[in-house]
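So you can see what is in the structure, the chains are spelled out below.
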Amino acid sequence: MLLQLSPVGIVGGFLLIATLSTLLANTAAYFVLGNEAELRQALPPGVAMAIVGLTAAVLPAAVVIAVALVVDYVMVRLAYGLNRRGTAMITAMHYALTVVAAYGVNTLLAIYQTAPG
């Protein structure tokens, strides 16, 4: 089956993933840093994860997960300027929140696709 892509779909998907990932990165940083976490600092990791997310259509899942963890770690380190431990904590929390959100969205889409009518 050939994957059909439209420019509007790609841009819309990118913006949706970037927004959700930015909010999840900010939530992860809030859990670790408390009130010191700012939404503007979560923007670079969110956008970077959206770019990695777009590669999921062409790369194997294991590669995407590995690349996502490395890119997220680097972007969190650059955005927040933390030590290795703080960066690892935010990265792990961001990854966990992303997995939970992806599972939830996937479940909702599966329920929607099996609905009668």
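The following refers to the structure shown.

## Here we look at the overall build of the protein
Phase 1 of the analysis: Across its full length, the protein holds four helices and zero strands.
Phase 2 of the analysis: In the protein, the succession of α and β elements from N to C terminus is α-α-α-α.
Phase 3 of the analysis: Along the three orthogonal principal directions, the C-alpha set of the protein runs to about 50 × 25 × 25 Å.
Phase 4 of the analysis: When the 117 residues of the protein are sorted by exposure, 25% land in the buried category.
Phase 5 of the analysis: Accessible area for the protein stands at about 8,000 Å²; split by element, carbon and sulfur atoms hold 72% of it.

## Here's the deal with the environment of Met 93
Phase 1 of the analysis: Relative to the assigned elements, Met 93 resides in helix 4 (residues 84-113).
Phase 2 of the analysis: Contact partners of Met 93, with chain neighbours within four places excluded, come to Ala 28 and Phe 31.

## As for the packing of helix 3 (residues 61-80) against helix 4
If you want to describe how two helices pack, look at the angle between their axes and the distance between the axes.
Phase 1 of the analysis: Direction vectors running N to C along helix 3 and helix 4 enclose 130 degrees, while the axes themselves pass 9 Å from each other. The angle between the axes of helix 3 and helix 4 places the two elements in the oblique class. Viewed along their axes, helix 3 and helix 4 form a crossing whose handedness is right-handed. Across the interface between the two elements, Ile 65, Leu 69, Asp 72, Tyr 73, Val 76, Arg 77 and Tyr 80 from helix 3 touch Arg 84, Thr 87, Ala 88, Ile 90, Thr 91, His 94 and Tyr 95 from helix 4.

Rules of the game
Residues numbered from 1 in each chain as written. Predicted model: local features only at pLDDT ≥ 70, side-chain atom pairs only at ≥ 80, totals over all residues. Heavy atoms only, no water. Helix = DSSP H or I, 4+ residues; strand = E, 2+ residues; numbered from the N terminus. Buried < 20%, exposed > 50% of the residue type's maximum accessible area, 1.4 Å probe, protein only. Areas by Shrake-Rupley, 256 points an atom, 1.4 Å probe, with all protein chains shown as cover. Contact = heavy atoms within 4.5 Å. Axes fitted to C-alpha atoms, helices over the stretch in contact; angles between N-to-C directions. Parallel < 35°, antiparallel > 145°, perpendicular 65-115°, else oblique. Left-handed = near helix turned anticlockwise from the far one by under 90°.

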